[in-house]
Structure formats: structure tokens, C-alpha cells
Amino acid sequence: MLDRAVFGYVVSIDGPAVILNLRSEHRGFVASHRQGISGLLENGSLFGVSSGSSILVLRVLSLQFAEPKEVHLHLREAAADRDEPLRNLKAICVGRLSKKSKALQFDGDALASPALGAEAFPLTDMEQRAIHCLPEDSSPQISLGTTLRGSGSLDVTLNQLLPRHIAVLGGTGQGKSCFTAAMLQQMLPCDSARIVVFDINGEYERALRPFCKEGEFKITRLGGDPDNDGYRLPYFALGRAGLSRLLLPSERTQRPALNFALESLPYVEHSDGGACLTGEEEACLFDDCRPGKENEAARTIESLRNPSELDRAEIWPPMAALSCLIADSQCLRKNNQQRWERQSFHYSNVAPLIDRVRRKIDDPMFTQVVNVEGGDRVRGSWGSHSTSLVKRFFGSPRSTWKVHVVDLRLVTHDLLPGVLGSLLELFAYDLFRKGQDATYPTLLVLEEAHHYLRSVTLEDGSTADALAYERLAKEGRKFNLSLWISTQRPSEVSSTVLSQCGTWACFRLTGQSDVQAVGTATEWLDRREISAISGLPRQQALVFGSAIPLPTRVRIPNANPTPKSNDPQFERWNVKAGENP
């Protein structure tokens, strides 16, 4: 290491802590090498210690005088010939830098320790870049930002970043949306990209459309005008998995009743407040446990349990037919006289589920997003419609678009867990059913995930977990799926999902519960680094995880154009009415 100045030497090793004495000639401010000088006084700075054919990389934890009282005495006496006390530097080992195949390679190793008396020296720019970046592969490269330690751009490849899920965390206005948009803009030049963005606030169209050629950008405005890319989800296309997530039936009684009703839908019609078999004129199935037509209802239920000889309806019935099928499939029983009757005791088992169906149908905000009227032509079972819905949102082998923005501005926040949970349950069912060999690498961006990637509270006070999200987080990578999870409140997001994220970009978080959630979910940060998250300036993030060898503080790149997430423009208060601002 003759091409650089030694600035200190190891004098103590206490577990992971390494103490060095700094040489007095530069007083610990800077150290020189052939490429310039490096600062040493900032906590978090990296430096090297010789270790045979490799370099141990250490991180600065603190600096102090060896004898603080002597410093005070020296200042008081003002003796010109008195040497200042030694300066100490406390550091920990973070890894080893070695040359492999004529290239520098960094390997994390927190258990390594230098020898007593080993000399410390600054790292060159080339060594800094080798520490912060993994070896390149054949996949495209993107920049996560500019490091604040002087080692330039922090670059990773898509194969390093995306195979394990990404978490982008930070308070409002800190730069999460701009960072996400900048990353997606760098990915879109790939010829065969497939990105699906759940855009809660409708902010990404402006940022992503200019990067796509004709046919490469797709937008769906859920609940919007059909003439302006609007779309409503057909209730029957949500299928067994989606409707179960939407209606949250109990396992013992309500789920079997819902499954029976869903399988029976293609064979019934709805009229006069009830349902009947296709081709019959009068309704005999009802959802209110009323007396009358019990024998006809019993024959209808029995026929639906073996529908091979029944005629299919031409169009799907309204969602109200579900509640009729649920009710009479459970409450019809024979009494002591062996006559059919609707029994209130058995009806009470499914009454909460029927109430949920009714409330959904009567909610105008729900019907704006989900089509409960039916009317679409029946094409086989609900499974074929479910497959078409998955292809519409998440793509198929014939899809030509690169990015699909699902605009969710019109979906109220109380409906987000149910509606998006249903869509994700359906996607998970289809993904795992196909198997690993029949899926395509897809990035699913979940913006403002704290609104819907969480438990749902039921009427009895119990909670239903976001099982689709958790299963996608745990197993999705095996099926070519990567999640990009962006949220202001990590403490409100499923801890199971956060724990599966491999790469993290943490912007400023001030809530104690949010900072604790980060520390609980990741093993990449120590206590000092976690506490520093609450002091990050705007547009700066701490990036760490499987794609980055060491936690690195970066200034994020600017998206151009930016998403629609600007701060309020209060200078407009000073503009008179009728004038252009």
C-alpha cells in the first residue's frame, strides 16, 4: 500500500469493535492517496486495513481523544511545546476486499478482525465502487442514485435488484414516488418488460407514458368511464378466490355455501326478488327465509347439486342471485313431518354472509368499481372469466404492453383491502395453478400499500389476514413475480410481507413504530443505522439489502417527467382571482 498514506494503526480489538490510534501529522481530518484525499471524521466512512493479500474494510463508528482531560489541560496551559493527546477511532469490520479474476470483489464478513498493529489507509474510488456494487451480470443496469461518500453512482443490475422483493419506505413528500418513477423509467427501455402498477392516487401516467411507444403503455381506470379507459370488475369473474376475499365467509358453513352458489350461478336466472332455474318462469329461491315454495326450492337445490342435465343461462345473473342460492342451500330442511321448510336456525348461520352481499349491492361506491348487474354472456364456468380477468390486468403471452397502470383514484380507501385483495387472490390462484414454467417475469408495483396490504377487521372483531399478498411475497419469486412495495407506514403493512423483501430504500421515517418495523423486518441494519433513518434529508435514502453489499446513503435520481406528487403551491394564494398564476 505504498501509494497511499497510512493514517493510523490498530491498538485494541474488543469483540466486533476495533480501536485505532490516528497519526498526529494530519490530526485525523483527512488522509491522502494518489487519487486525492479522503475525509475521516464522518461517522459511517469506510477505510481499509491491510490483511495479507486482501483488505479488511472497516466502518467508522466514532472518534474521540484518548485522554479528554489532558486536552482540556493543554488548552488551559497553552503550552506550545506540549503534544496533543492521541486521537482514537472506533470502527467495526464490515467485509473483505480481494482481487478475483483480475477484478476487485467485496465479500461481507462482520466476524473478521485485523491484527494488532495493522496499518489503516484510505480507500480509492475504484475500491469504493467495488464495495458498493455487486459484480455485473448480463441483465440491464440501473442507477439507484448517487452515493454521498464520493464513490459516484450506485448501480445494480435487474437480476440483482428484482428477484427478491423491494421495499420503498418513507414519510409523505420525502421522494418515494419520484424514486419509484425514476427506477421504472430506467427499466422501460427493455424490449420485453412487463410492469403492473397499482396507482392509488393516479400519479404515474404522466411519468411513464412518454417512455413507451404506441401499444406499449396501457392504463385501466378502475370505476371510471368506459369511454376513457374505465372498467368495472365483473363480480362473477372474481371467482372462488376473489369472492372469498371480498365477502370473507367463515370456514365451516359460509364458505361451502358460497362455493355452491358460485358453481350454480351459470344455471339460474334472477327475477321477482328471487332466483330460479334457467327457463322457469317463477322464482322459488329467496334470501330472506320466507315461507312458501319450499318443495320447488328443494327440487331446484337438488338439481343444482348435479347440474350435468341442466341448461346453462345465456347471460350471468345479477349478484343478488348469490344470496338466494346461499340462503336456500343452507336453510331448507325437512321437519318432523318430513316436509320441507326454511328453518331460521340454519338460516342464521349464513345470515351475516347474506348481509355482506346485500351491503355490497346497495353500496354505490362499490358498484362503481364492481359490476353487480351481471349481463355478460356465459362462457363456460366462472373459471374462464377469471382467467380473462387475470390476462387483462397482468398480461398474457400475447400482451404487447410493457407497463400497465391501474388507476385506483375512484376506489374509496375502505374498499381497497377488499377489491384489491380479491384481484390479488385471483392473480395468486392463477399464478400458482400455471406453475413455474408457464409464467413470465413480472414486476408488480404496490403504491401506498398501507391502505390495503394489511389485515381486514370482520364484524365480530376478528381479523382476516391479506393471505394473497403474503403468499405472493413468500412464494412469488419462484413463479417469476417480484413485488415493489411502497408505503408511508411500514408499521401498518403485513410484517410477513416486509420480512420477505430483499432490497430496501428507506427515506425519512419519524414514527417510532415505523422505525421499529424496519428494524424488526430486516437483518441488514444495526441499531445506529436504524436510528439515522429519522434524520435523513429530503430526496435522500438509505439503501441496503441483497442487491447492495453495504448499507449506502444515496441522493436519489430525478424522474423526468415526474409523477403527479408535487407539494401544494401556496404561492397561488397571492394571485388575484381571474389571473394566471
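To keep things clear, this report deals only with the structure shown in the data block. In this text, all values refer to a predicted model and were calculated from it rather than measured experimentally.

## A short note on the nonpolar core
With 101 residues, the main nonpolar core has F198, L233 and W504 as its most contacted residues. Here this core gets 10 residues from one element, more than from any other, and that element is helix α13 (residues 416–434). Filtering out sequence-adjacent residues up to four positions away, W504 remains in contact with A167, L169, L498, V518, A521, T522, L542, V543 and F544. C133, L154, A193 and W484 belong to the second-largest nonpolar core, a separate cluster that totals 42 residues.

## Description of the side chain of H385
Within the secondary structure, H385 is located in helix α12 (residues 382–394). Contacts of H385, omitting those with residues within four sequence positions, involve F236, A237, W316, R377, V378 and R379.

## Here's the deal with the pattern of salt bridges
Where side chains of opposite charge bring their charged atoms close, a pairing between them can arise. In this structure the tally under the stated criterion is 21 salt bridges. For E475, the salt bridge is made with K478, and the minimal N-O distance between the two is 2.8 Å. Among the residues examined, E475 registers a relative accessible area of 29% and is labelled partly exposed. In this structure K478 comes out as partly exposed when scored by relative accessible area, which is 40%. One salt-bridge network, in which partners are shared between bridges, spans E205, R209, R221, D407 and R409.

## A closer look at the state of the cysteines
Covalently bonding the sulfur atom of one cysteine to the sulfur atom of another cysteine gives a disulfide. With the rule as written, the count across this model stands at zero disulfides. We note that C178 lacks a disulfide partner, and the nearest cysteine sulfur, in C506, lies 17 Å from it. Considering cysteine sulfurs only, C331 is the nearest to C289, which forms no disulfide, with 4.5 Å between them.

## Comments concerning the packing of helix α6 (residues 239–247) against α13
The geometry of α6 relative to α13 is characterised by a closest axis approach of 7 Å and an angle of 155° between their N-to-C directions. Classified by the interaxial angle, the pair formed by α6 and α13 is roughly antiparallel. Note that α6 runs across α13; the crossing there is right-handed. Contacts from A241, G242, R245 and L246 of α6 reach α13 at P417, G418, V419, G421, S422, E425, L426 and Y429. For the contact of α6 with α13, a count of residues per class yields six nonpolar, four polar and two charged.

## As for the packing of α13 against helix α14 (residues 467–475)
For the pair α13 and α14, the least separation of the axes is 8 Å and the interaxial angle reads 40°. Here α13 is positioned oblique relative to α14, judged by the angle of their axes. The element α13 and its partner α14 pack so that their crossing is left-handed. On α14, the residues that touch L420, G421, L424, E425, F427, A428, L431 and F432 of α13 are L467, A468, Y469, R471, L472 and E475. When its residues are assigned to classes, the contact of α13 with α14 shows 10 nonpolar, one polar and three charged.

Parameters and conventions
Here the residue index of a chain counts from 1 through its sequence in written order. Whole-chain, interface and lining totals are the exception, using all residues; otherwise, since this is a predicted model, local features are given only for residues with pLDDT of at least 70 and side-chain atom pairs are given and counted only at 80 or more. Side-chain figures throughout are based on the complete set of non-hydrogen atoms in the structure, without hydrogens or water. Buried Ala, Val, Leu, Ile, Met, Phe, Trp, Tyr and Cys residues that are joined via side-chain atoms within 4.5 Å together make up what is termed a nonpolar core. When a residue's accessible area, from a 1.4 Å probe over protein chains only, is under 20% of the maximum for its type it is buried; when over 50% it is exposed; and in between it is partly exposed. Helical segments are the DSSP runs of H or I of at least four residues, strand segments are the runs of E of at least two, and each set is numbered from the N terminus. Residue contacts follow a heavy-atom distance rule, with two residues in contact if any of their heavy atoms lie within 4.5 Å. Salt bridges are counted wherever a side-chain nitrogen of Lys or Arg sits within 4 Å of a carboxyl oxygen of Asp or Glu. In plain terms, two cysteine sulfur atoms within 2.5 Å form what is called a disulfide here. Lines fitted to C-alpha atoms define the axes, with helix axes restricted to the stretch in contact, and inter-axis angles between N-to-C directions lie between 0 and 180 degrees. In these notes the angle categories are as follows: under 35 degrees is roughly parallel, over 145 is roughly antiparallel, 65 to 115 is roughly perpendicular, and the rest is oblique. Here a crossing is taken to be left-handed if its near helix is turned anticlockwise relative to the far helix by less than a right angle, and right-handed if that turn runs clockwise. Throughout this entry, Asp, Glu, Lys and Arg are counted as charged residues, while Ala, Val, Leu, Ile, Met, Phe, Trp, Tyr, Cys and Pro are counted as nonpolar. The remaining residues, Gly among them, count as polar.

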